[in-house]
Amino acid sequence: MTAVEHSQDLLAVVLEVLEALLPLVIFFLVFQLLYLKFPSSYFLKLMAGLSITAMGMILFLYGVYNGFFPVGLEIGSYFGQIKSKWILIPVGFVLGFLATFAEPAVRVLCYQVEESSSGYIKSNLMLYTLSVSVAAFVAIAMTKLVYGIPFLYIIVPGYLIVLVLLWFCDKDFIAIAFDSGGVATGPMAVTFLMSMAVGVATSQPDSNPIVDGFGMIALIALAPIIFVMMLGVYMRYIGGTDSE
């Protein structure tokens, strides 16, 4: 696999974005004509916003497909061929932190959490919690690749920990934790971190890219659930904020 083989032309990206947005636009237009009937000035602003959103998505996805994805594969292939493969663990931690810290959807979630909680849960606290959690689990995923640990040995205990934390976590954090798991698996994580894991698995002769390269996103989705719920346990018992 080479970076060139995974490039995607601009037209394909444009069609992909239009396929995603056009049903929403049609749905909105139907409601505008039948029920909403917004003023023309407000309607034009909405259309302008949708157009800017479409252009932004096209540019973003084009950059992701032709930048992050092939770069992730090449980085993974390089580290998969070196003798000291343990270096993948700290590298995975750093890249996991940076990818999550730069994820736009994560920042939006953190901002909304702070707004909805009236400043009780700070956005910076959420941002660093999510970034560190993903970093830790990307490091675990790299450990799995380096030492050949079966995926079930990680994912099953992880969700057992989640079930235990449900009994002790502040109830305000439970829904936030599960939403955080979905938000953390955004374009940055999927295109860069997963492609790096696949690149590592592909470059190793005794590794199966399908079996060993995938599973990264499941771990990234699990990481914020555990860490945010641990934060909820801390806020409930140590921080003295029992919401019940």
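Residues numbered from 1 in each chain as written. Predicted model: local features only at pLDDT ≥ 70, side-chain atom pairs only at ≥ 80, totals over all residues. Heavy atoms only, no water.

An unreviewed UniProt entry lists the chain under the name DUF1538 domain-containing protein, from Methanohalophilus halophilus.

Undergrad: Pulling in residues and values, what's your account of the side chain of threonine 100?
TA: Mapped onto the elements of the fold, threonine 100 is located in helix α3 (residues 88-101). Overall, threonine 100 belongs to the buried group, its relative accessible area being 3%. Separated by 2.9 Å, the side chain of threonine 100 and the backbone oxygen of glycine 96 make a polar contact. If we ignore the near neighbours within four places in the chain, the residues touching threonine 100 are Val106, Leu130, Ser131 and Val134. (Helix = DSSP H or I, 4+ residues; strand = E, 2+ residues; numbered from the N terminus. Buried < 20%, exposed > 50% of the residue type's maximum accessible area, 1.4 Å probe, protein only. Polar contact = N/O pair within 3.5 Å; in protein donor to acceptor, adjacent residues only side chain to side chain. Contact = heavy atoms within 4.5 Å.)

Undergrad: How would you explain the packing of aromatic side chains if you had to name every residue and give the values?
TA: Enumeration over the complete set of coordinates arrives at ten aromatic pairs. Geometrically, the ring pair formed by phenylalanine 27 and phenylalanine 31 is tilted, given 4.8 Å between the ring centres and 40 degrees between the ring planes. Within this pair, phenylalanine 27 and its partner phenylalanine 31 are both found in helix α1 (residues 10-36), separated by four residues, close to a single helical turn. On the basis of relative accessible area, phenylalanine 27 is assigned to the exposed category, the value being 54%. Looking at phenylalanine 31, the relative accessible area reads 32%, which means it is partly exposed. Seen from their ring centres, phenylalanine 38 and tyrosine 42 are 4.9 Å apart, and the 70 degrees between their planes marks the pair as edge-to-face. Accessibility expressed as a relative area gives 41% for tyrosine 42, which makes it partly exposed. (Phe/Tyr/Trp six-rings, centres within 6.5 Å; stacked < 30°, edge-to-face > 60°.)

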